[in-house]
Structure formats: C-alpha cells, structure tokens
Amino acid sequence: MDPSVDRIAQPWGGRTPYGRDEPWPERVDTYLREDVEPGQVQRWVQAASLLHSDGDAMDIAVVDGRMAGVRGRADDRVNRGRLGPKDLFGWQANASPDRLTGPLVREGGRLVECDWDTAMERVVARSRELLEERGPGSIGFYTSGQLYLEEYYTLAVLARAGIGTPHLDGNTRLCTATAAEALKESFGCDGQPGSYDDIDHADVIALFGHNIAETQPVQWMRILDRLEGGDPPRLLCVDPRPTQVARKAAVHLAPRPGTNVALLNALLHEVIRTGRVDRDYIAAHTVGFEELVSRLAGCTPQWAARICDVPAARIGEAAELVGTAGRLLSTVLQGVYQSHQATAAAVQVNNLHLVRGMLGRPGAGVLQMNGQPTAQNTRECGADGDLPGFRNWQNDSHVADLANVWNVEPETIPHHTPPTHAMQMFRYAEQGSIRMLWISGTNPAVSLPELSRIRSILGQDRLFTVVQDVFLTETAQFADVVLPAATWGEKTGTFTNADRTVHLSDKAVEPPGGARPDLAVFLDYAARMDFRDKDGGPLITWHDPESAFEAWKRCSAGRPCDYTGLTYDRLRGSSGIQWPCNDRAPDGTERLYTDGISWAHPDVCESYGKDLVTGATDDVVEYRSLNPGGKAVLKAAAYLPPHETPGEQYPFQLTTGRTLYHFHTRTKTARAPQLNAAAPDVWVEASSADAATLGLDEGDLVQVSTPRGALRGRLRVTGIRPGLLFVPFHYGYWDTEGGHGPGGDTPPRAANETTVTDWDPASKQPLFKTAAAALHLVRRGDGRPAPAPTTTASAPARADAVPATRGGTSALAAQAGGAGREEATE
C-alpha cells in the first residue's frame, strides 16, 4: 500500500484483490506520531480496537513510557494487519490534558477533588444505607460496551450475588440487545452463527440496515478486495441512505423507515413461492415452517411496495438475488435494531437463512452484528440483563448451577422476574424506587432518547449517582461521585468481537494520575462491602485480570460461550480465537450450527422466547410444546405501522446514526485531531427534492424539531430518500460552553433531544429511527458547507458542491494539530 495514502480522504486504503475461497492477503497499516521514527519505538504491545465492534488486532507503539502510535497485526484472522481511521488515530485521546486523574465528590452543589478512600467510602456508605432502608432493588448498575470481560463478570457477580439487585444492564441495550434477542428467538441461544471469514466464500452478501463501510470499516475493506478479485460477490443493500455499500450493491432497496418487517416478509414470500427453499434442512432442523408460510400468504412484493415505498420489481430482484445464492451471508445492524419492530425484523433475516439452509458452511451464515467492541462480553457475562454464561433466568437448574459456581444460595440471585432493562431502570429512577445508580463507561446524558427527560432524572437530589469514566462527560457533571478510570492501553484484559473472536489487550502504559482500571474499582468496592458467599468466605476470590479470567472460565464451562480452552498465554502473541474453545474444539470454533442446532433444547436453551408484538415472555411449557426436540424456531411476524408517523405539523421522518470518524458521544474520537477535523460538528441531511421544496441550500443553519425537542445544525443535501432526515448522534455538549446540555449561548445539537422514549417490545432496545419531525430554516448559510464528511453516506448530492474531506494536508486538519506520520507495507 502506498504510504502517502491519506486515511481520512481514503479511509479504506488501497486494494489487495483476492478471489473467492482464497485467503485474504495481508496489509499492515501503521501510524506513528509525527516526531517518532520507526526505529525509535522501544516496545510494541498487543491490543485490539476499542472504537468499534470489529475487533481489529493491533500493536501499540511505546516510546519513553508513552503511546506513540499503532500498527495492525498481520497474522490476525480478523483484519490481516489492516486498521480503520478510528484505529489509526483514536489512541491519541489517551494523552488528552483533560483526562480525569483523581476522584471527585459533590460538595455544596459542586464537584471537588478528593482521594480514593473518601470517594469509595461515600459510595459504600450510601450503598449500605439503601440496602438497610430500602433493599437491593434501590440500587442499579448501568455499564458499557467498552469495558473488558473480566470487569463485566466482576460487576455481574457483585451486583447479582453481592447486592442482590435485578437492576443491571449495559448501554449495549441501545445497540445490540436486538441482536441477542433475535438469536435467542431463532436458535434458543445468543452467539453469532457466522464468521467474518464467510466474506471470503459468499457469492451474495446481504446487508440489512448495516452501513458496514462506516461501522466496521476493515470488513468493508475485505468486501472491497473481494469485489475487485475473481468471482466477486453480489451485494444486496437495504438502507434508506446512499451509503458506500449502496453504491457498490447489485440491488439497493431504500425503504421507508419503520417498514423492515413488511420488506423482509415479502422477500421470504418470494423465496418460498419460487421453491427456493431447502426442504430437507427445514424438516431436519426447524419448527414452525407451515405457520410461517401461512402468515406470509399475502405478503407479495406489490403489498410490500405500498408500505415500504420501494418498487415491487426491485423487491423481486432482491428476492431473486438471495433466493439463487449458492452461499449467502447476511449482516444486520442498527437500521434494523433501532427501528420499529426491531426483533421481529431481525428474526426474519434468520428465517431467510433457515428456510434456505444457509448456515454452518463457509460463506453461508448470519452475523447479527454488534455496535460496540465488547458488547458480546456484556451479554456473555450477564452485565446486560441476562444471567452469566447464557443461562436462562426462568430455568431453576440454570440458576442453581450459577449459584453453585458462585457458592451462594439460589435465592440470592434475583430470577423471579425478568432482569431490568436500561430504559426501565431510568423509569424506576424517575419514579424514585431506584435511589442509587452506578454508571460505568457510558454517557446516557447524550446517548439515551429524550434528553431533557434524562437530564431531569440525573439531576434529582434523591438519586445518588456514581459515574466511572475517563473524562468529565455530560453525565459525570450530574454525578455525586466521579471515579477516574483507566482505559484501553492502560490496563490488561480480554474482549470478544462480533464474530466470537477473543483477543487479549495488554497494558502498554500507566494511566494518568490516580486513574484506576475498572476491575480494580469493582474489586475495591466488593472488598469494602465485604460481600460473602454462603460459607462465609469472600464472594469474589480473584484479584487481577488473569485470575478474573480464570474465574470466568469456570462460569462458562459447558455453556455455549465456553472459554475453558483459552488462557492468557494462548491469547498472547497469536491471532484471536473464536469461542467455544474447549476440549472438543481446542482451536476454537469458526462457525456454529455446522451439524444441526445445538442449544435450543428446552433443558439447555437460554430463553423460551417472547411474543414479538407484546414482548410477553413464554414459559417452559409453551416452549416445550412448540419445540420438544430443540430445533431452530421459524417465528413469523405480521407488519404493524410505526407508533409515530409524519403529519401536517411534523411531515418528515427522522433517523439517527453513526459516521465513520466518530464513536458514540465523541469522548475519545473528538480528542483525536484527524478524526475531529473530518467531522467537527453536527449536521442535518435532507434530500435534494426536499431541500428544493423548502428553498434550502447546502450549509444553511436549520432546526429539526419533534414533539420532544429540537436541535440545530448545518444542512447537507444528499441522495437520501425524500421525506427522511438524518442526524448523527455523536454530538453532545462537553466541548461547548454549557458543558452538559443546551442553554444560554449553547444551542441544542444532540440528536437525542428529539428522539422518542419508546422501545422494541421483545429486546427492549430504544427506537432511535422512528420520530416524526419538522425542518425549518434558522439562518442562511455564510458560504461554509455542512461539517459533514464527503467520503461517506453523507456525501453531497452534487460532487462539486463542497470541498472534499481530506486528512493531513487540509487546512482544517492542520489547524487541529496535523496528521503525523503514516506508513503502510504490503
């Protein structure tokens, strides 16, 4: 690869074409600080990316005890040495001068510095007081998708068996709860059936609501390389925006938001009508086919076209594409998960693979993708509303087994009602039943819907809030206690990506000041609380990352996510390894369900399923009657209209989403000069037709309003479908004068000022893509374009309308601090 490639302007780098069924060639991407030559690097320390869910393996360059750059790991199965823009540049945030370096406590309405003993004793005192006065249900924990496995597991043990609260969830509820729920509905168990390596073998790749070019850029590089090699795959893209994926697709469907179930039902209808199903596979490995056929009877392309506003002929072309594929790989992400009927739609993608027998073979698989680097670990470890090890909270034998692992009585573990999901936890805090909320590694004051409501909840005097984070986020500014956390590169631990690949990330440098690893904080709290097992011994017996990992292995033994064959030594210095890894699969497991459905039997399944319309939980009797032999369940779903639709006052639909250069609420990526310069502020996307109708132009300052609130940003005129507005959700207030919200001279700019408090009934995932909105001019543009990238789905409709996004040599990047030295080798 040419070392002069600008990885902001050309975020996917150069091509290394390869043919179907061939190995993906290596390409090692490297970025060093501009004052560091390669020969000056003193150590390269193993890690993996923490700024998306791809799990890109990399090494951290260390010079004089400081991070000096990164390079991809050529021998790793995930990325073969490649790194995306957030990988290459995001590490610079670690050295930001505004890092939290000491604890803070609230005194007289202000956060003031203190020592660790003072901060932790305040947390412990409030915990004990609430346990005595109100019981364990008064305490809740809301965590991240960016901690390490060892930290989530420790948190799960202290919350479930130490405190005894049902209130523990992760911000993975916002991004991948639907992925987990859809897999449980279809296969009885979480865990991705497919593998990234299926990209090498598929002849059709279908991406449903998945802008992989921006969310998993290295796997998009893999697809791009296959597209330029022999026997390239054909792509199906389902997305209302003109993404890079859409521009490469053989068929692009841009449905009206909220209509995914109608579209997928029509695809299934056509596949079944044309006889493109594997009846032997269906008979051997599934239940529910006849009911599915019956429920799809009227779901023709013509029917769906009226609902989705997509030509029936195009739906037919898409059905032909997936129906004739010899090896079909499907991926799903937020365009499904954060939209209306999320779980129902994701389940229909699973159904498409089950009726075609497209599982368990190279190139034939499903990836219900994750949005965060360690989202899979929250699910495995029970830090996201489930029990650890994919155990079923309704199965008494599973609870007893977990109690045995922890050496506690089964009744110690809350399991008589469903674990509390995040949106309900904030409702309980609003109502006053939750009086202490410990928030670790996440920023709900920007990321949750209807922010004015969230700010009012966090601002209550009766709610004692602990925030554990790397920076003084918008959420931390509401806290009673702020605990400074060490982050990636400053601590050791493991994490698992979206295709079950486990990586070890080693500590490369010391954290700044008094910042501590999240594991150390949780262990300190458990020790101060003196949590005990049923024999009077310490509940938590581990003391460091490796001993925590060994404890987790015992919890995972015999479960679908079996880690017992993994050790730190095996993970250090080698490629990542996919679970399950045990005596039967000592080298890991590339694909699940290669020989039938493994974990759907009533005695072992993680879930008995839910009603996809109401979310009501099925019981074991219903499940055993439906599925006594433990097969995959073909679960039908009828289309229902969205809860909020456009009208006279709010004539548009509003969707929110990501951009390539930022991650979540920008606490890290905005502190990397190159990434921030590429997308420095919020913008609003509208179609050329809608802009013309309203008399709006590129760069105009506009306001988007909904029944909940409003935001302002400059307009980007794109090829997005008419009637739809798009706003990136990354932008909050920490880098504005207000600090934690709009007011005074700080106009509203967070997308979630406008989004609705609503969630999918089955997965409980908030719906960020279903609001009705209005668009109005605030002020004519001053000649400046919208601060949106031109390299992504946000590219202007007219290529000559705005200057191209550039990296190191652009004036904006130079002003932000330069681009440094970038190198790459074949």
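Residues numbered from 1 in each chain as written. Predicted model: local features only at pLDDT ≥ 70, side-chain atom pairs only at ≥ 80, totals over all residues. Heavy atoms only, no water.

### Overview of the pattern of salt bridges
Scanning all chains against the criterion turns up 56 salt bridges. Notably, a salt bridge pairs Glu185 with Lys635, separated by 2.5 Å at the nearest N-O pair. Within this pair, whereas Glu185 is found in helix H4 (residues 177-187), its partner Lys635 is found in the loop between strand E21 (632-633) and strand E22 (652-657), the two being separated by 450 residues in sequence. Overall, Lys635 belongs to the buried group, its relative accessible area being 17%. In this structure, the salt-bridge partner of Asp200 is Arg222, at a minimum N-O distance of 3.0 Å. With Asp200 in the loop between H4 and strand E9 (204-208) and Arg222 in helix H6 (residues 217-227), this pair connects stretches of sequence that are 22 residues apart. (Salt bridge = Lys/Arg side-chain N within 4 Å of Asp/Glu carboxyl O. Helix = DSSP H or I, 4+ residues; strand = E, 2+ residues; numbered from the N terminus. Buried < 20%, exposed > 50% of the residue type's maximum accessible area, 1.4 Å probe, protein only.)

### Focus on the sheet that holds strand E15 (residues 436-440)
Within a sheet, adjacent strands bond to each other through the backbone by hydrogen bonds, running parallel or antiparallel. Strand order in this open sheet of 7 strands is E6-E5-E17-E16-E15-E7-E8, and the pairing throughout is mixed. The strands lining the two open edges of the sheet, one partner per strand, are strand E6 (110-113) and strand E8 (168-170). Within this sheet the neighbouring strands show an average axis-to-axis angle of 20°, counted without direction. Direction of pairing for strand E5 (residues 104-107) relative to strand E17 (residues 481-484): antiparallel, over a ladder of 2 bridges. Paired with Leu104 across the bridge in E17 is Val482. In this fold helix H2 (residues 116-133) packs onto E5, strand E7 (139-143), E15, strand E16 (464-469) and E17, with an angle of close to 130° to the strand it touches most, E17. (Pairing = 2+ DSSP bridges. Axes fitted to C-alpha atoms, helices over the stretch in contact; angles between N-to-C directions. Contact = heavy atoms within 4.5 Å.)

### Digging into the side chain of Arg327
Considering the arrangement of structural elements, one finds Arg327 in the loop between helix H12 (312-324) and strand E13 (328-332). Note on Arg327: relative accessible area 19%, which makes it buried. Separated by 3.4 Å, the side chain of Arg327 and the backbone oxygen of His201 make a polar contact. Ignoring any residue separated from it by four or fewer positions in sequence, one finds Arg327 in contact with Arg20, Asp21, His201, Ala202, Asp203, Val204, Met358, Arg361, Pro362, Gly363 and Ala364. (Polar contact = N/O pair within 3.5 Å; in protein donor to acceptor, adjacent residues only side chain to side chain.)

### Looking at the environment of Asp619
In this structure, Asp619 sits in the loop between strand E20 (577-578) and helix H23 (620-626). Along the sequence, Asp619 and Asn395 sit 224 residues apart, while their C-alpha atoms lie 9.6 Å from each other. In this view, Asp619 contacts Gln394 and Tyr608; residues no more than four positions away in its chain are not counted. Reaching out from Asp619, the side chain makes a polar contact with the backbone nitrogen of Glu622 at a distance of 2.9 Å.

### Considerations on the nonpolar core
Judged by nonpolar contacts, the single largest core of 119 residues is most densely connected at Phe208, Trp220, Leu236 and Trp488. The greatest single-element share of this core, amounting to 9 residues, is contributed by helix H8 (residues 260-273). Filtering out sequence-adjacent residues up to four positions away, Phe208 remains in contact with Leu236, Val238, Leu264, Leu267, Ser330, Thr331, Val332, Leu333, Val336, Val349 and Leu352. If you look at the next biggest cluster of nonpolar residues, it comprises 66 residues, including Leu402, Leu523, Tyr525 and Tyr563. (Core = buried A, V, L, I, M, F, W, Y, C linked by side-chain atoms within 4.5 Å.)

### Comments concerning the packing of H8 against H12
It is at 9 Å that the axes of H8 and H12 come closest, and there the two elements cross at 60°. Overall, the two elements H8 and H12 adopt an arrangement that is oblique. In this structure, H8 meets H12 at a crossing whose hand is right-handed. Contacts between H8 and H12 involve Leu263, Ala266, Leu267, Glu270 and Val271 from the former and Ile315, Ala318, Ala319, Val322 and Gly323 from the latter. For the contact of H8 with H12, the class distribution of residues is 8 nonpolar, 1 polar and 1 charged. (Parallel < 35°, antiparallel > 145°, perpendicular 65-115°, else oblique. Left-handed = near helix turned anticlockwise from the far one by under 90°. Nonpolar A, V, L, I, M, F, W, Y, C, P; charged D, E, K, R; others polar.)

### Comments concerning the packing of aromatic side chains
Each aromatic ring pair is summarised here by two numbers: the centre-to-centre distance and the angle between the ring planes. Under the defined criterion, the tally for this structure stands at 17 aromatic pairs. Aromatic pair Tyr31 and Phe89: ring centres 4.9 Å apart, planes at 80°, arrangement edge-to-face. Linking Tyr31 in strand E1 (residues 28-32) with Phe89 in helix H1 (residues 85-89), this pair joins segments that are 58 residues apart in sequence. For the pair formed by Tyr31 and Phe89, the shared burial category is buried. Ring centres 5.6 Å apart and planes at 85° place the aromatic pair Tyr142 and Phe426 in the edge-to-face group. With Tyr142 in strand E7 and Phe426 in helix H17 (residues 422-431), the pair connects residues that are 284 residues apart, well separated along the chain. On the basis of relative accessibility, which here comes to 1%, the residue Phe426 falls in the buried class. Counting every residue linked through ring pairs, the aromatic cluster contains Tyr153, Trp542, Phe549, Trp552, Tyr563 and Tyr568. Sitting above the plane of the Tyr148 ring, Lys491 keeps its charged end 4.8 Å from the centroid. (Phe/Tyr/Trp six-rings, centres within 6.5 Å; stacked < 30°, edge-to-face > 60°. Lys NZ or Arg CZ within 6 Å of the ring centre and 35° of its normal.)

### Considering helix H16 (residues 396-406)
Taken as a whole, H16 has its buried residues at His398, Val399, Leu402, Ala403 and Trp406. All buried residues of H16 project into a common sector of 140° when viewed along the axis, lining one side. For H16, exposure combined with an orientation more than 90 degrees from the buried face picks out Asp396 and Asn404. Immediately downstream of H16, the backbone of Asn407 shows phi near 60°, a positive value. (Arc of directions from axis to C-beta.)

### Things to note about the confidence of the model for the protein
When pLDDT is averaged along the protein, the result is 95; 97% of the residues meet or exceed 70. Under a pLDDT of 50 for its full length, residues 809-826 has, in the predicted model, 46 contacts with residues more than four places off or in other chains. (pLDDT = per-residue confidence, 0-100.)

### Topic: the environment of Arg570
In this structure, Arg570 sits in helix H22 (residues 568-571). Owing to a relative accessible area of 31%, Arg570 belongs among the partly exposed residues under this scheme. If sequence neighbours within four positions are ignored, Arg570 has contacts with Gly565, Ile577, Cys581, Pro586 and Asp587. A distance of 3.0 Å separates the side chain of Arg570 from the backbone oxygen of Gly565, its partner in a polar contact.

### A word on unusual backbone geometry
In this chain, Trp579 is followed by Pro580 through a cis amide linkage whose omega measures -5°. One can find Pro580 in the loop between E20 and H23. Although it is not a glycine, Tyr593 sits at a positive phi angle of roughly 60°. Among the secondary structure elements, Tyr593 is positioned in the loop between E20 and H23.

### Topic: the sheet that holds strand E19 (residues 501-505)
Across the sheet, which stays open at both edges, the 3 strands sit in the order E18-E19-E20 with antiparallel pairing between neighbours. Because the sheet does not close on itself, it has two edges, and the strands there are strand E18 (493-496) and E20. In this sheet, E19 lies alongside E18 in antiparallel orientation, the contact comprising 4 bridges. For Thr494, the partnering residue across the bridge sits in E19 and is Leu504.

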